[in-house]
Amino acid sequence: MLHFTPDSPLSIAMLALCGVLVCVFEFVNGFHDTANAVATVIYTRSLRPAMAVVLSGIMNFFGVLAGGLSVAYALVELLPPDALSPPDGAPAVPMLLALFGTALAWNLFTWRAGIPNSSSHCVIGAIVGVAIADSFLHGRHLGDGVDWQQVTKVLEALAFSPVLGLIGAGLLYGLMRAVVKDPALYQPPPKGDAPPRGWVRWLLVGTCSAVSFSHGSNDGQKSIGLIMLTVVGLWPALYALNPQQAHRLPLPVEHAIQMQQILDQYDHDGLRTDALAAAARLRAQSESAAGQRVDAPAPLPNGADQTGKNAPGDSQTEVIGTQGTTQQQAVLGDAADMSPVVQRGDVFQVVAGLKKVTHQAAVPASVKATAKALQAELKPVVEFAPWWVRLLSAACLSLGTMIGYQRIVRTLGEKIGRTHLTPAQGASAELVGAGLILTAGYTGLPVSTTHIVTAGIAGSMLGSGSGVQRGMVGRIVLAWLATLPVTIILAALLFYVLSL
């Protein structure tokens, strides 16, 4: 069995390997998923393949740079807090190897079979598998070790977006058919190398660009989140905390006390021990930096003790206020000198605990509002990406776009519908797909470009009355349904074995 220890040559080599794997995964994501963007322009001969993939690669590049980080950390938050920031880089190795190895293997398998499959599903399945295995390793109940509410939110976005793509593309095709009467828009590509009529050609070039940009803005964020996990594992002292937001720590003493008291009173669902201990360390750090110690916690705002549990003055709260800090400082030494990695781990633990509090029905609205405000204060400290990480993700995705697209292009152009793809069908699928993907990217929901565009093409085929090839659609759906369970099981087994 492999043993990973801090700063050992094996650990450093494995973390470097993880960095290579995440770049390879994003490269594969480029030629696997972006085929959905270039399928229409290549299949209809609107652009030559070389020009189409270069255009798509450039638009993917700018999409990654223009995208935010909400999707990146929506995925990262699927992992249990203790896996996000271990006390040294070594324990990150099993997690990262399990994530990248599983997602990369399934992506390559489906690409080799010519089946449009979702890289997003691969990553999410692998993350959930790691979270489940981590629960077993730490003896936690699955309801405690896995944030199922976040998992459900992500899976709902993945499940409903293809349905919207199917319906939206079908409706748009019908509207286009009723309004635009140019026959060139509804005819399969002619034989030979002749491109479609001028305006039809540039319509398809525009929709290809839109899908490529939106794909970069959403999928690029996923790789940014994964690269950051690797970067923190490789250089924990440098990248554990956001250099531009690290001034937020130590927290103001009153905020640290509020966090500790909220978690003590209301976080009784799984993460209580870890989150409360993390809050106590952050409070001890704040008090040490301020040169003071507050013996009694400040009351929660606006009558938050109306549940009757642990109101200010209750014995349990007083123990934490008068004794807990002293005990914790005895263990920590000078709390103000906590390492960036320890602080990062504590921040993730506290944010996860506060998030659970905001989702409990019995918690007063005023406490939920305070918990959300405290979350917003803490998140920028750990949720960030240096400019070079964005650039690396953009480069890998755009370069991957420029190869390996042929298999998926043929499937989308010829094997989904009973007739060959027409410009109107391709444009309908891509316009709807680009709109859905961009909307999801800027609202923090990870979606699958593959699923949305493929469903959109099927919807446009149904809208035109040509129908779909049940055999191929059945294979695609089967691969979609198998992706999550396969990647969950593979990642869980791999992480469990490597972590023993």
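What counts, and at which threshold
- Residues numbered from 1 in each chain as written.
- Predicted model: local features only at pLDDT ≥ 70, side-chain atom pairs only at ≥ 80, totals over all residues.
- Heavy atoms only, no water.
- Helix = DSSP H or I, 4+ residues; strand = E, 2+ residues; numbered from the N terminus.
- Contact = heavy atoms within 4.5 Å.
- Areas by Shrake-Rupley, 256 points an atom, 1.4 Å probe, with all protein chains shown as cover.
- Phe/Tyr/Trp six-rings, centres within 6.5 Å; stacked < 30°, edge-to-face > 60°.
- Buried < 20%, exposed > 50% of the residue type's maximum accessible area, 1.4 Å probe, protein only.
- Salt bridge = Lys/Arg side-chain N within 4 Å of Asp/Glu carboxyl O.
- Core = buried A, V, L, I, M, F, W, Y, C linked by side-chain atoms within 4.5 Å.
- Axes fitted to C-alpha atoms, helices over the stretch in contact; angles between N-to-C directions.
- Parallel < 35°, antiparallel > 145°, perpendicular 65-115°, else oblique.
- Left-handed = near helix turned anticlockwise from the far one by under 90°.
- Nonpolar A, V, L, I, M, F, W, Y, C, P; charged D, E, K, R; others polar.
- pLDDT = per-residue confidence, 0-100.
- Expected span 1.5 Å × (residues − 1).
- Patch = residues over 30% accessible without salt bridge, like charges linked within 9 Å, V, L, I, M, F, W, Y side chains within 5 Å.
- Polar contact = N/O pair within 3.5 Å; in protein donor to acceptor, adjacent residues only side chain to side chain.

Draft legend 1. Layout of the overall build of the chain. When its secondary structure is counted, the chain shows 21 helices and zero strands. By sequence separation, contacts in the chain at least 24 residues apart represent 86% of the contacts at least 6 residues apart. When the accessible surface of the chain is summed, it comes to about 19,200 Å², and 65% of that surface belongs to carbon and sulfur atoms.

Draft legend 2. Structural view of the packing of aromatic side chains. Scanning the entire structure with this criterion turns up four aromatic pairs. The interplanar angle of 90 degrees and the centroid separation of 5.8 Å between the aromatic rings of phenylalanine 61 and phenylalanine 62 together place this pair among those described as edge-to-face. Take phenylalanine 61: its relative accessible area is 23%, and that puts it in the partly exposed class. Using a relative accessible area of 47% as the deciding quantity, one classes phenylalanine 62 as partly exposed.

Draft legend 3. Quick look at the pattern of salt bridges. Applying the stated rule across the entire model yields two salt bridges. With its nearest N and O atoms 2.7 Å apart, the salt bridge here joins arginine 281 to aspartate 346. A residue pair is termed long-range when its members are at least 10 positions apart, and arginine 281 in helix α13 (residues 272-290) and aspartate 346 in helix α15 (residues 340-358) qualify at 65 residues. Note on aspartate 346: relative accessible area 3%, which makes it buried. Its salt-bridge partner being glutamate 287, residue arginine 283 comes within 2.7 Å of it at the nearest N-O pair. Note that arginine 283 and glutamate 287 are positioned in helix α13 at a spacing of four residues, about one turn of the helix.

Draft legend 4. How the structure looks around the nonpolar core. By size, the foremost hydrophobic cluster in this structure holds 58 residues, and its most contacted members are Met95, Leu99, Phe100, Val130 and Leu229. Elements supplying a minimum of two residues to this core: α1 (9-33), α4 (70-76), α6 (92-112), α7 (119-137), α9 (148-179), α10 (198-234), α17 (387-401) and α21 (470-499). Looking at this core, the element that brings in the most residues is α6, giving eleven residues. Apart from the residues within four sequence positions on either side, leucine 99 is in contact with Val123, Ala126, Ile127, Val130, Leu226 and Leu229. The next biggest cluster of nonpolar side chains, apart from the first, holds 27 residues, and it includes Ile262, Met338, Ala371 and Leu378.

Draft legend 5. A look at the packing of α10 against α17. The N-to-C vectors of α10 and α17 enclose an angle of 125 degrees; their axes lie 9 Å apart at closest approach. Taken together, α10 and α17 sit at an angle that is classed as oblique. Taken as a pair, α10 and α17 cross one another with a handedness that is right-handed. Where α10 approaches α17, its residues His215, Gly216, Gly220, Ser223, Ile224, Ile227, Met228 and Val231 are matched on the opposing element by Trp388, Val389, Arg390, Leu392, Ser393 and Leu397. Tallied by class, the residues present in the contact of α10 with α17 amount to eight nonpolar, five polar and one charged.

Draft legend 6. Quick look at the confidence of the model for the chain. For the chain, the mean per-residue pLDDT works out to 77, and 77% of the residues sit at or above 70. By mean pLDDT, the top-scoring element of the chain is helix α16 (residues 365-382) (90), and the lowest-scoring one is helix α14 (residues 315-332) (40). Throughout residues 296-333 the model reports pLDDT below 50, and contacts reaching past four residues in sequence, or to other chains, amount to 72 contacts.

Draft legend 7. Up close: the packing of helix α3 (residues 49-66) against α17. Interhelical geometry of α3 versus α17 gives an angle of 160 degrees and a closest axis separation of 8 Å. In terms of orientation, α3 and α17 fall into the roughly antiparallel class. Crossing hand, α3 versus α17: right-handed. In this structure, α3 contributes Val53, Ser56, Gly57, Asn60, Phe61, Val64 and Leu65 to the contact, and α17 contributes Arg390, Leu391, Ser393, Ala394, Ala395, Leu397, Ser398 and Thr401. Looking at the contact of α3 with α17 residue by residue, the classes come out as eight nonpolar, six polar and one charged.

Draft legend 8. Quick look at α16. Here α16 contains 18 residues, and its C-alpha end-to-end distance of 26 Å stays within 8% of the 26 Å for a straight helix at 1.5 Å per residue. The complete set of buried residues in α16 reads Ser366, Val367, Thr370, Ala371, Leu374, Gln375, Glu377, Leu378, Val381 and Val382. If you follow the buried residues of α16, they end up packed against α4, α12 (253-266) and α15.

Draft legend 9. Seen up close, a nonpolar patch on the surface. Among the surface-exposed residues, Val54, Ile58, Phe62, Leu65, Trp387, Leu391, Leu399, Met402 and Ile403 lie close enough to one another that they form a single nonpolar patch of about 830 Å² accessible area. Only α3 and α17 provide two or more residues apiece to the nonpolar patch. Looking at which element gives the most residues to the nonpolar patch, the answer is α3, with four residues. For tryptophan 387, the location among the structural elements is in helix α17.

Draft legend 10. Here's a closer look at the side chain of serine 428. Positionally, serine 428 belongs in helix α19 (residues 423-443). A distance of 2.7 Å separates a polar atom in the side chain of serine 428 from the backbone oxygen of alanine 424. Beyond its immediate chain neighbours, meaning those up to four positions away, serine 428 contacts Ala169, Leu172, Tyr173, Met176 and Ser460.

Draft legend 11. Representation of the environment of serine 46. Here serine 46 shows up in the loop between α2 (35-43) and α3. Judged by its relative accessible area of 0%, serine 46 is buried. A C-alpha to C-alpha distance of 4.9 Å links serine 46 and proline 195, two positions 149 residues apart in sequence. Once residues within four sequence positions are removed from consideration, serine 46 is found in contact with Val41, Pro195, Pro196, Arg201 and Leu204.

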